[in-house]
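Chain by chain, the residues run as shown.
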Amino acid sequence: MKVLKFGAVWCSGCIVMKPRWARVEKENPWLQTEYFDFDEAKEAIEKYEVGKGRLPTFVFLNKEGKEIDRMVGEVKEEVLVKKIKEHKDK
Amino acid sequence: MKVKGILFILFFTLSFFAFGGGVSAKEESVNLHFFYSEVCPHCAHEKTFLDKFSSENEFVKVYSYDVSTPEAIRKVVHAENVLNFKHRGVPLLIIGEKHIVGWGGDETTGVLVASLVDDCVKNGYVDIFEENHESSGIAKAREKTGENKGDTAQTEISLPFFGKVDLKAFSLPLLTLVIGFLDGFNPCAMWVLLFLISVLLGVKDIKRRWFIGVLFLVFSAGVYFIFLAAWLNFFMFLKYVVLVRYVIGVFAIGVGIYFLKKFMSKETGCQVVSETKRERIFSKIKNIIVEKNMFMVVIGTLTLAFSVNLIELACSAGLPAIYTNILSGYELSVWNYYLYLTFYIIIFLIDDLIVLFIALTTLRVVGVEGKYEKISKLVGGIVILVLGLLMVFKPELLSFS
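Residues numbered from 1 in each chain as written. Chains lettered and ligands numbered in written order. Predicted model: local features only at pLDDT ≥ 70, side-chain atom pairs only at ≥ 80, totals over all residues. Heavy atoms only, no water.

(A) Structural context of the sheet that holds strand β1 (residues 30-36) of chain B. Residue and element names in this part refer to chain B. Taken together, four strands build an open sheet; the order of strands is β2-β1-β3-β4 and the sheet is mixed. Bordering the open sheet on either side are β2 (60-66) and β4 (98-101), each of which pairs with just one other strand. Ignoring strand direction, the axes of neighbouring strands in this sheet form an average angle of 20°. Of the strand pairs in this sheet, strand β3 (residues 92-95) and β4 are connected by four bridges, and their pairing is antiparallel. Each residue of the ladder has a partner; that of I95, found in β4, is K98. Along the sheet face, helix α2 (residues 41-56) touches β1, β2 and β3 and points at about 160° away from the line of β1. (Pairing = 2+ DSSP bridges. Helix = DSSP H or I, 4+ residues; strand = E, 2+ residues; numbered from the N terminus. Axes fitted to C-alpha atoms, helices over the stretch in contact; angles between N-to-C directions. Contact = heavy atoms within 4.5 Å.)

This is how it looks when you write it as structure tokens:
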């Protein structure tokens, strides 16, 4: 499972989520994540259809690279951890 | 908690605007001088009350004057000079040395009128329009007590926890504080500040970092002040057009409901700002950061502040329009109006200054969590909804002078 994180420097929600993700990734070293800046990663934005929604957006991909889930906005750390554990083996 | 919180805030806000009183009158002749306009609906309501009041109290005599006549104008000017007030609207009622502008209804202004008449009977009465009246006596009395005897009475209310509060001294500053603070949490331009901070954090020169950051906020405040002043002058110009008040009131009700809807919504995070807007602002910010000529940095920052306010005008017009519309209904001197606007701007800036200060000091951005915006939507929604309802149904309760 891999998580794609879409954010922007001008988005307050993204700034709030940054330290939460840092803690989650530290506690789950097996977790693969990749960050995309909304103003720079045009291709990824278009591919995962993030452009018209809200930020931050977190796209969960399974082993085959297919999207299995998505979260948007400020997410509580415990909810994030629960979601990651739910999709861990996918 | 949500329901109790909403009910408490609603009770506090409504009791803040409440008036009360009740009196009786004794027999002694009292002249009421009533100034009206044919096109003024409140004048018609007050006339109905005064006709009934004078028929129930034979000692009360009502003299009515249409303000479009020269006689009425002469009398108003005389009253302004003697009682030291500035006539701002109709209906206007002169009872002895007191004057009342506006009509709130039988339960509010009607009670006040009866109280003042009763006071005249008990404590003595001076008709300033009688030929032998002692205007110098009134001035001397005013000097002795140090207060303007032309002021209307009954502006004290009792609030839970706070006890007796004089609304004249308290309400407008508090209203300015509340709305200015709520407006400060407006997310419309926050994205620009955050981008600016993110770029500034990459600037090695600490003094330059602070200079540009603070300058941007100062210029933003200045431009916003100009917009507020424009709104205020617009509403002052249209002060006697009742329709404007109703339109703003209905707008305020809509804004209040929208804010409460946003509070109830589970949506978090940032709405993606349009690419055109972003690119325009980002390129301005990047140019400022790399510019070596400090004069050009100042000009660039001013241009940025102006652009941001203009771009976000539609998004951020609600609260300023509502506040300046209410402010325009108060009888204040010119410099007082602008003092209140300045106070509004200072309160408005506080949260941005805190975010900037912490960011540039700790190199981390804090205090931008969505929960603060949610709380401001709840409180703001209730306050604005109540203000909107008052503007439409009980506008006289918003004018305390």
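Structure's up, so let's keep going.
(B) Seen up close, the sheet that holds strand β5 (residues 67-72) of chain A. Residues and elements named next belong to chain A. A sheet is described by the order of its strands in space; here four strands give the open sequence β2-β1-β4-β5, paired in mixed fashion. Each edge of the open sheet carries a strand with a single partner, namely β2 (32-37) and β5. Across the sheet, the axes of successive neighbouring strands diverge by a mean angle of 20°, strand direction being ignored. Against the sheet, helix α1 (residues 12-27) makes contact with β1 (2-7), β2 and β4 (57-61), and its axis sits at roughly 155° relative to β1, the strand it touches most. The strands that helix α3 (residues 77-86) touches are β4 and β5; relative to β5, the one it contacts most, it runs at about 180°.

(C) Examining the interface of chain B and chain A more closely. The interface is formed by 18 residues belonging to chain B together with 19 residues belonging to chain A. Carbon and sulfur atoms supply 59% of the area that chain B and chain A bury against each other, a total of about 1700 Å² over both sides. By the criterion of area lost to chain A, the three top residues of chain B are T268, C270 and V272 of chain B, representing 33% of everything that side buries. Where chain B packs against chain A, one counts one salt bridge. Put simply, R278 of chain B and D39 of chain A hold a salt bridge, and the shortest N to O gap is 2.8 Å. (Buried area = accessible area lost by both parts, 1.4 Å probe. Salt bridge = Lys/Arg side-chain N within 4 Å of Asp/Glu carboxyl O.)

(D) Here's a closer look at the nonpolar core. In terms of nonpolar packing, the biggest core is built from 89 residues, with F6, W10 and L55 of chain A together with F216, I285 and L327 of chain B touching the most fellow members. Among the elements that line this core, the one with the most residues is helix α8 (residues 206-237) of chain B, at 13 residues. For F6 of chain A, the contacting residues outside a window of four places in its chain are Y35, F36, A44, I45, Y48, V50, L55, P56, T57 and V59 of chain A. Of all hydrophobic cores here, the second largest spans 22 residues; its members include C43, L93, W103 and C120 of chain B. (Core = buried A, V, L, I, M, F, W, Y, C linked by side-chain atoms within 4.5 Å. Buried < 20%, exposed > 50% of the residue type's maximum accessible area, 1.4 Å probe, protein only.)

(E) Inspection of the packing of helix α7 (residues 190-200) of chain B against helix α14 (residues 334-362) of chain B at higher detail. Residue and element names in this part refer to chain B. Two elements in contact, α7 and α14, have axes whose closest approach is 11 Å; the angle formed by their N-to-C orientations is 20°. Comparing their axes, α14 and α7 come out roughly parallel. As for how α7 packs across α14, the hand of that crossing is right-handed. Listed contacts from α14 to M190, L193, I197 and L200 of α7 are D351, D352, V355, L356, A359 and L360. Looking at side-chain class alone, the contact of α7 with α14 contains eight nonpolar, no polar and two charged residues. (Parallel < 35°, antiparallel > 145°, perpendicular 65-115°, else oblique. Left-handed = near helix turned anticlockwise from the far one by under 90°. Nonpolar A, V, L, I, M, F, W, Y, C, P; charged D, E, K, R; others polar.)

(F) Focus on the pairing of β2 of chain A. In terms of strand pairing, β1 of chain A meets β2 of chain A through six bridges, oriented parallel. Bridge pairing in β2 of chain A links L4 of chain A to E34 of chain A.

(G) Inspection of the state of the cysteines at higher detail. Scanning the entire structure with this criterion turns up one disulfide over all chains. Note that C11 of chain A is cross-linked by a disulfide to C270 of chain B, the S-S spacing being 2.3 Å. Of note, the bridge from C11 of chain A to C270 of chain B carries an S-S torsion of about 85° and is right-handed in sense. Pair noted here: C11 of chain A is in the loop between β1 and α1 and C270 of chain B is in strand β7 (residues 270-271), and the two residues belong to different chains. Exposure remark for C11 of chain A: the relative accessible area of 0% places this residue in the buried category. (Disulfide = S-S within 2.5 Å.)

(H) The arrangement of α7 of chain B in detail. The buried fraction of α7 of chain B is high, at ten of eleven residues. Taken as a whole, α7 of chain B has its buried residues at M190, W191, V192, L193, L194, F195, L196, I197, V199 and L200 of chain B. Against α1 of chain A together with α8, α10 (275-290), α11 (294-311) and α14 of chain B lie the buried residues of α7 of chain B.

(I) Representation of the side chain of S220 of chain B. Residue and element names in this part refer to chain B. Mapped onto the secondary structure, S220 falls in helix α8. With a relative accessible area of 13%, S220 lands in the buried category. Ignoring sequence-local partners within four residues, the contact set of S220 consists of A305 and N309.

(J) Molecular detail of the environment of A252 of chain B. Residue and element names in this part refer to chain B. Structurally, the position occupied by A252 is in helix α9 (residues 242-264). Linking A252 and I384, residues 132 residues apart in sequence, is a C-alpha distance of 5.9 Å. Not counting the four nearest positions on each side in its chain, A252 is found in contact with I322, I384, L385 and G388.

(K) Expanded view of a nonpolar patch on the surface. Residue and element names in this part refer to chain B. A contiguous nonpolar surface patch, about 290 Å² in accessible area, is contributed by L243, Y246 and V247. Position of V247 among the secondary structure elements: in helix α9. We classify V247 as partly exposed; its relative accessible area is 49%. (Patch = residues over 30% accessible without salt bridge, like charges linked within 9 Å, V, L, I, M, F, W, Y side chains within 5 Å. Areas by Shrake-Rupley, 256 points an atom, 1.4 Å probe, with all protein chains shown as cover.)

(L) Just the packing of aromatic side chains, in detail. All names here are of chain B. In total, this model carries 21 aromatic pairs over all chains according to the counting rule given. Ring geometry for F35 and Y65: centres 4.8 Å apart, planes at 25°, overall stacked. You can see F35 sitting in strand β1 and its partner Y65 sitting in strand β2, a full 30 residues away along the chain. Relative accessible area serves as the criterion here: at 9%, Y65 is assigned to the buried category. (Phe/Tyr/Trp six-rings, centres within 6.5 Å; stacked < 30°, edge-to-face > 60°.)

(M) Broad picture of the confidence of the model for chain B. Residues and elements named next belong to chain B. In the predicted model, chain B carries a mean pLDDT of 78, and the fraction of residues at 70 or more is 80%. Within the model, pLDDT remains below 50 along residues 17-27, and this stretch shows 32 contacts once partners closer than five positions in the same chain are excluded. Confidence over residues 133-154 falls short of pLDDT 50; this stretch has 39 contacts with residues more than four positions distant or in other chains. Reported confidence for the predicted complex is 0.77 by ipTM and 0.65 by pTM. (pLDDT = per-residue confidence, 0-100.)

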